[in-house]
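Here is what each chain is made of, one letter per residue.
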Amino acid sequence: YRTLSSLPTINISDYPMLEPSTTQPSTTASFSAATTPSLAAAPSLSQQSFPGFSPFTQRHIGPRDSDLEAMLAVVGCTSLEELIQQTVPASIRLDRPLQLGEEGCDEYAALQRLRAIAAQNQVYRSFIGMGYYNCITPPVIQRNILENPGWYTQYTPYQPEIAQGRLEALLNFQTMVSDLTALPIANASLLDEGTAAAEAMTLSYNVVNAKTKTQRYQFLVSDTCFPQTIEVVKTRALPLGIEVVVGDHNSMALGDSVFGVLLQYPAQNGAIHDYRPVIDRAHAAGALVIMAADLLSLTLLTPPGELGADIAVGSTQRFGVPLGYGGPHAAYFATKTDYKRQLPGRLVGVSKDVHGQPALRLALQTREQHIRRDKATSNICTAQVLLAVMASMYAVYHGAEGLQRIAERVHRLTVALATGLQSLGYGLGSASYFDTLWVTVGDQADAIMQRALRQRINLRRVNAGTIGLSLDETTTEQDVQDLLSVFAGDRASAVGLDVGHSNGYSPREYVMTPALPKALQRTSAYLTHPVFHSYRSETELLRYIHRLQSKDLSLTTAMIPLGSCTMKLNATAEMMPVTWPEFGQLHPFAPLDQAQGYQQLFHQLEQWLGEITGFAGISLQPNAGSQGEYAGLLVIRQYHIARGEGHRHVCLIPQSAHGTNPASAVMAGMQVVPVACDDQGNIDVADLHAKAEAHSANLAALMVTYPSTHGVFEETIREICALIHAHGGQVYMDGANMNAQVGICRPADFGADVCHLNLHKTFCIPHGGGGPGVGPIGVQPHLVPFLPGHGVVPMGSEQAIGAVSAAPWGSSSILPISWMYIVMMGQAGLKRATEVAILNANYIAKRLEPYYPVLYKGSQGRVAHECILDLREFKKTADIDVDDIAKRLIDYGFHAPTVSWPVAGTMMVEPTESESKQELDRFCEAMIAIRAEIQAIADGVVDRRNNVLKHAPHTAADLLRSEWDRPYSREQAAYPTSWTRAHKFWAPVGRIDSAYGDRNLVCACLPMDAYGQ
């Protein structure tokens, strides 16, 4: 290598700055120290743009200093401080800086610090099982989906025209689940296996009681189910008055009070039971049957649908999704078509666009909790889309034959291991098994566990004399030999190993294996659709993934200005640690001394979130915002019970609260009483006084969103909280809008007792196309004893509520994202992010107000971090509704803001602090241009039905039609601005009307007409 001193130098003054469009830079130029200013003298960009802030702050926050000055001038303020004083009530503003102990740093320094923490996690070979298994994530899926912002920065597919790629991947997921379970309909994923089982219980409860017109209250659970699943089910059942009876499924009493039965297939001890007699007895008693089934085993075993089950639930984690110390993973839920309207979560269906072409959309959306509110059957808001997409691509990549080969190999190794263990004199818990063995070891258990740990192997200690172990896709013949050595101890040299065909074996050989009951071996076909047979080479799969990605609008294309959803930057440095093996390859039930890095990260996050919110205790367990709402209400319920006031069950919910709140309250066993809002969008304090007084004896809680969903800081929030406390209630604050509070005010300081935080919003975990999410809760000191516990990994106090998620710390592997964000921003940077978020929203409101009325404002004319544009007048003047504007925005290259929520006929806009002034202006210019298009219709210049808004979005195929019978040009349709000419996002399908899809839903699985191929 040449030294730097040997390189030629060129004087920069000889090369004045030239326009990039006219002159190409020299390929040989280098810089001379003599002509370059001293690096020490040159201020860094972070110092130039954000004095006193960390280097990362300038990366996260969009507007530069000069931009801030220009935007403040438009808003009518001289400084950010003045704007905050006019926006946030003085009575709640924080009078000191945050005390996080973090001054902020650059990406490299933060990654180095996190590396040191990750190194404290010890990655052992885990054979613990219990629904969590090592697996192999195909690199093409890891790099091009999990690590790809084109997939992880997408939003929930409520605008289907610009989400066709993700919707197709989710339809693949639904088809995969439906095929493997042999049940006709499946949803687009749930949070985890435990919550999926709990959702199945409530579906059964609602369906059976509605059908029988009785009040059945018993739910029978086989004692062979995973313990974490049983605990989550019990947690969910308690406030609903459901009695969970755990016992032997063969001897369960199926009386008139039973509405459902939950079975594990294969059982937690590995046994493969023929449940048909139990299922027949349950059906005869009028109960529904749920089977929690391992998807990989279903490639070899008779599926639940063929056994007669009504519902199948489980996890798709072992389909290429890392362990991640418990999550996030995509659960599945499949059932009979009769129950499609009670099906929890989201459902993707095949429909048609306005041109009659096949198109995908979310189907049956009227079931969703924010629409049905207290009539909802579930509060599930977050699916696990990104993980469901990964699992579906795993099936697409391997196909039926590949999945079967993996399953056969896992089973063959398990048979070899079982044979060796029996030769050592150990007994097995069952003669039939797929991948799991319970080994009876007598008084050798302690010695065996110690030998395993010395070889960096984790086994499951079932009880004093039994050890459990599960094999998986990553298990090798050497692993089996090592396991036999662990069990053999001094006899290791006497143990041989003969697994036969190491890469699998013929179906004929496999059928002769005695470990799978002959009566339960699968004979039906699965994954027969062409999509599961077309992409075997990496080249083809790569092209398929990118073909789907190109049909979706993500943050890589443009801002996604969705109100209340906070689609801010998900920095690459924040995302990188997710796939580090020290975070991704830990089993959630590994010994705690192997997860000290995680424990340190949890502790620091809890401390920081506590300081940011003012709360004394934080639980990271809830793995979605919906789970956080639910957990917070359960904590309040348990508090009242502990004080001898279990009769308190009324929950007051203002109309300005989030739509999920009523559904969560009902699930927590509470009665919802709505509270009115005044004309300014604030809580009607007089109505609140009246409702609190009327229900004083039974008042449990008030659920309030702050700033409100109407986009304002209500000045009476302290009075509101004090009023609820005076009547013996607790205040639950929905923290979805925490992006407007960090560093400015703290919920605990102005009266909230419990608050959930959306880490997938305020703290930068990406939305992933509709999931994953993390919804931890913070509580005041008197509620700390009631924070969630966990039965498998002891945590919490004796008064703790039961587990709300299957894993002790929920979706652990994505918590490093929020850790990185806080460390890099620092305490000052976090506050500046909030200030700029509020500025950006007020800037958009001020620029658009002459064209679109801003529905709600604070007392000084300011909005919070989001604003609501009132579009209702256009329906009268031009027959243009909010959907027309949303679809036209696609032609301009934008995802629409939140449509018709919380007020019908409006748009709720939230720009976030990460968007630059240039992007905000681009959005405003698009909205202003659309306003001109509306005016042309209102003036009678353009037909009210045949116009550019009614036909939007315009596809390439639409524009290429030979006949053009519209009163506007193709150019106006496709290229309404200069930037659309420079870079055009084309909607792959035409408009899909909201009601149209529900009426004309073809199916919720891939039809055999090779759709999408």
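See the structure shown above.
By convention here, each chain's residues receive numbers from 1 onward along its written sequence. The predicted origin of the model limits local features to residues at a pLDDT of at least 70 and limits the giving and counting of side-chain atom pairs to 80 or more, whereas totals for whole chains, interfaces and linings rest on all residues. Hydrogen atoms and water are omitted, and side-chain values are computed over all heavy atoms in the structure.

Moving on, we get to the side chain of R862. Helix and strand assignments follow DSSP, with helices taken as H or I runs no shorter than four residues and strands as E runs no shorter than two, numbered in order from the N terminus. Inspection of the secondary structure assignment puts R862 in the loop between α26 (815-848) and β23 (867-870). Buried and without a salt bridge, R862 has E82 as its closest oppositely charged side chain, separated by 6.1 Å. There is a polar contact of 3.1 Å between the side chain of R862 and the backbone oxygen of V75. When near neighbours in sequence (up to four residues on either side) are disregarded, R862 contacts V75, G76, C77, L83, Q86, T87, V712, N842, K846 and K857. Exposure classes here rest on a 1.4 Å probe applied to the protein chains alone. A residue is buried below 20% of its type maximum, exposed above 50%, and partly exposed in between. The charge count includes Lys and Arg as positive and Asp and Glu as negative, but it does not include His or the ends of the chains. A pair is scored as a salt bridge if a Lys or Arg side-chain nitrogen falls within 4 Å of a carboxyl oxygen belonging to Asp or Glu. Identification of polar contacts relies on pairs of N or O atoms within 3.5 Å, with a donor-acceptor requirement for protein atoms, meaning one able to donate a hydrogen and the other able to accept it, and with residues adjacent in sequence counted only if both atoms are side-chain atoms. Contacts are residue-level and defined by heavy atoms, with any inter-residue pair within 4.5 Å sufficient.

What holds strands together in a sheet is hydrogen bonding between their backbones, with the strands either parallel or antiparallel. A pair of strands is treated as paired once DSSP finds two or more bridges between them. Here we have seven strands laid out as an open sheet, ordered β16-β22-β21-β20-β19-β17-β18, and mixed in their pairing. Each of the sheet's edge strands pairs with one partner strand only, and the pair in question is β16 (617-619) and β18 (671-675). This sheet shows a mean twist of 20° between the axes of neighbouring strands, independent of strand direction. As paired elements, strand β21 (residues 754-757) and strand β22 (residues 777-779) share three bridges and run antiparallel to each other. Its bridge partner lying in β22, V754 is registered against V779. Contacts from helix α24 (residues 685-694) reach β17 (650-654), β18 and β19 (699-705) within the one sheet, and its direction differs from that of β18 by about 155°. All axes are obtained by fitting lines to C-alpha atoms, using only the stretch in contact for helices, and the reported angles, taken between N-to-C directions, cover 0 to 180 degrees.

Moving on to the environment of W438. With respect to the helices and strands, the residue W438 is situated in strand β12 (residues 436-440). Residue class for W438 comes out buried when judged on its relative accessible area of 18%. Through-space distance from the C-alpha of W438 to that of L171 is 37 Å; in sequence the pair is 267 residues apart. In contact with W438, not counting residues within four places along its chain, are Q268, N269, G427, L428, G429, R460, V462, T466, I467 and G468. Within the structure, W438 has its side chain in polar contact with the backbone oxygen of Q268 (distance 3.4 Å).

Before going further, it helps to examine unusual backbone geometry. Y265 connects to P266 through a cis peptide bond whose omega is -15°. As for its position among the elements, P266 is in the loop between β5 (258-265) and α11 (276-284). Look at the link from G327 to P328: it is a cis peptide, with omega at 10°. For P328, the position within the fold is in the loop between β7 (311-315) and β8 (331-335). Positioned with a positive phi, S189 is a non-glycine residue whose angle comes to about 105°. If you trace the backbone, S189 turns up in the loop between β2 (185-186) and α9 (193-212).

So, about the environment of N144. Relative to the elements of secondary structure, N144 occurs in helix α6 (residues 139-146). With 405 residues separating them in the primary sequence, N144 and Q549 have C-alpha atoms 9.5 Å apart. Among residues more than four places away in sequence, those in contact with N144 are W151, L542, I545 and H546. Of note is the side chain of N144, whose polar atom sits 2.9 Å from the backbone oxygen of V140. Among the polar contacts listed, one links the side chain of N144 to the side chain of H546, at a separation of 3.2 Å.

This part takes up the packing of aromatic side chains. Centres within 6.5 Å make a pair out of two Phe, Tyr or Trp rings, where for Trp the six-membered ring is used; the pair is then stacked when the planes are under 30 degrees apart, edge-to-face when over 60, and tilted otherwise. The final tally for this structure, using the stated rule, is 25 aromatic pairs. Both rings, one in F602 and one in W809, keep their centres 5.1 Å apart while their planes meet at 20°; by these two values the pair is stacked. A residue pair is termed long-range when its members are at least 10 positions apart, and F602 in helix α21 (residues 596-613) and W809 in the loop between β22 and α26 qualify at 207 residues. For the pair F602 and W809, one class covers both residues: buried. An aromatic cluster is present here, built from Y325, W580, F583, Y598, F602 and W809 joined pairwise through their rings. Charge-over-ring placement is defined geometrically: NZ (Lys) or CZ (Arg) within 6 Å of the ring centre, and within 35 degrees of the ring normal. In this arrangement the basic side chain of R318 is found over the ring face of Y133, its NZ or CZ atom lying 3.9 Å from the centre. Sitting over the face of the ring of W986, K984 holds its NZ or CZ atom 5.0 Å from the ring centroid.

A separate point is the sheet that holds β7. Within the open sheet, the seven strands sit side by side as β2-β8-β7-β6-β5-β3-β4. Their pairing is mixed. Every interior strand has two partners, whereas the edge strands, β2 and β4 (243-247), have only one. Taken together, the two bridges between β2 and β8 define a ladder with antiparallel strand orientation. Across the sheet, I185 pairs through a bridge with T335, a residue of β8. Contacting β5 and β6 (288-293), α11 crosses the sheet at an angle of about 150° to β6.

Don't take any of this as a statement about function, it's just geometry.
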